[in-house]
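Inside the fold
What follows is each chain in one-letter form.
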Amino acid sequence: MAISTGRLAVAATCFVAIGLVVTYALTRTGAGNDIFADCRQGVVSGAAQIGGPFTLTDENGRSVTDREVITGPTLVYFGYSFCPDVCPVDAARNAEATDALEEMGYQVTPVFVTVDPERDTPEVLKDFTEALHPRMLGLTGTDEQVRAAAQAYKVYYKSQRKDDPDFYLVDHSTQTYLMFPRLGFAEFFNRDVDAQQMAERSACFIEAARKAGI
């Protein structure tokens, strides 16, 4: 995707700042006991939280909440189907990681949340996700709903629609988030993490959650 260097720098800086203030209060079973401590590779501390309640429309036109979407280990990615290169590659990587995890005995759900609801209708998203993985779920919504979900996940995005109302790009951050029901956010994966690495790191979190009875 042709994202300007300046905008990428802004997005990257914002995300690094967020990473330094992330809390894992929801993933602790007791005072100071982080069940995922042995799995983490991110820098974390402070009081910000990634993830939260949302209401969106799925690729079948049904209104869904975060509780209906995140019913097990879930890989959440924000992008858009008209993205010329980055989003399809990232989504394909997430699909490949999903298959690798299944081979290990773990089932996860890959989720693709659009940051371009103007063009990404449920029908468009369904065509996009079905081409990548049978379990991948596409989510869209109103501008306000998408913005609220993106803010909850600390996702940066900015539409360039004013440049060309028909053929425009959307600048956006590109992390994938590993989420769990009840626990919420566990880990994020940058673009330089390949499918096998994502699968292996995710498996650590999933196994830790199982051992904790979650």
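Data block above holds the structure.
Description of the structure in this document.

Rules used in this analysis
What you see as residue numbers is a count from 1 along each chain, following the sequence as written. In view of the model being predicted, local features appear only for residues whose pLDDT reaches at least 70, and side-chain atom pairs are presented and counted only at 80 or more, with totals across whole chains, interfaces and linings using the full set of residues. To obtain the side-chain values, all non-hydrogen atoms of the structure were used and water was disregarded. Only when DSSP finds a minimum of two bridges between them are two strands counted as paired. Comment: elements are numbered from the N terminus, with helices defined as DSSP H or I runs of at least four residues and strands as E runs of at least two. Fitted lines through C-alpha atoms give the axes, limited to the stretch in contact for helices. The angle between two N-to-C directions lies from 0 to 180 degrees. Residues are treated as being in contact if the distance between any of their heavy atoms lies within 4.5 Å. Pairs of cysteine sulfur atoms within 2.5 Å are identified as disulfides in what follows. To sort residues, take the accessible area from a 1.4 Å probe on protein chains only and compare it with the maximum for the residue type: under 20% means buried, over 50% means exposed, and anything in between is partly exposed. We define a salt bridge as a side-chain nitrogen of Lys or Arg found within 4 Å of a carboxyl oxygen belonging to Asp or Glu.

Remarks on the sheet that holds strand β10 (residues 176–180)
Taken together, the seven strands give an open sheet; going across it, the order is β4-β3-β7-β6-β5-β10-β11, and neighbouring strands pair in mixed fashion. The strands lining the two open edges of the sheet, one partner per strand, are β4 (63–65) and β11 (184–189). For this sheet, the mean inter-axis angle between neighbouring strands, taken without regard to orientation, is 35°. Most of the contacts of helix α3 (residues 86–104) go to strand β5 (residues 74–79), to which it runs at about 175°, and overall it touches β5, β6 (109–114) and β10. Contacts from helix α5 (residues 143–152) reach β3 (55–58), β5, β6 and β7 (137–140), with the element oriented near 115° to β3.

Focus on the state of the cysteines
Such a bond, covalent and formed between the sulfur atoms of two cysteines, is termed a disulfide. Inspection of every chain in the model, using the stated rule, returns one disulfide. Between C39 and C204 runs a disulfide, and the two sulfur atoms are separated by 2.1 Å. Taking the torsion about the S-S bond as the criterion, the C39 to C204 disulfide, at about -80°, is left-handed. A residue pair is termed long-range when its members are at least 10 positions apart, and C39 in the loop between β2 (33–34) and β3 and C204 in helix α6 (residues 195–211) qualify at 165 residues. Judged by relative accessible area, which is 7%, C39 ranks as buried. Residue classification places C204 among the partly exposed residues on the basis of a relative accessible area of 30%.

Observations regarding the pairing of β11
Of all six residues that make up β11, six are buried, and the element is covered over most of its length. Hairpin connection of β10 to β11: three residues between the antiparallel strands, including R182 at a positive phi of 70°.

Focus on the pattern of salt bridges
Under the counting rule described, the total for this entry stands at eight salt bridges. R135 is the partner of E102 in a salt bridge, and the nearest nitrogen-oxygen pair spans 3.2 Å. Of this pair, E102 sits in helix α3 while R135 sits in the loop between α4 (122–130) and β7, and the two are 33 residues apart along the sequence. The class of E102 is partly exposed, set by a relative accessible area of 39%. Under the relative-accessibility criterion, R135 is labelled partly exposed at 22%. A salt bridge links E187 to R201; the nearest nitrogen and oxygen atoms lie 3.3 Å apart. Taken as a pair, E187 in strand β11 and R201 in helix α6 lie far apart in primary sequence, 14 residues in all. For the pair shown, E187 and R201 are each scored as buried. Residues joined by salt bridges that share partners form a network here, namely D58, R62 and E68.

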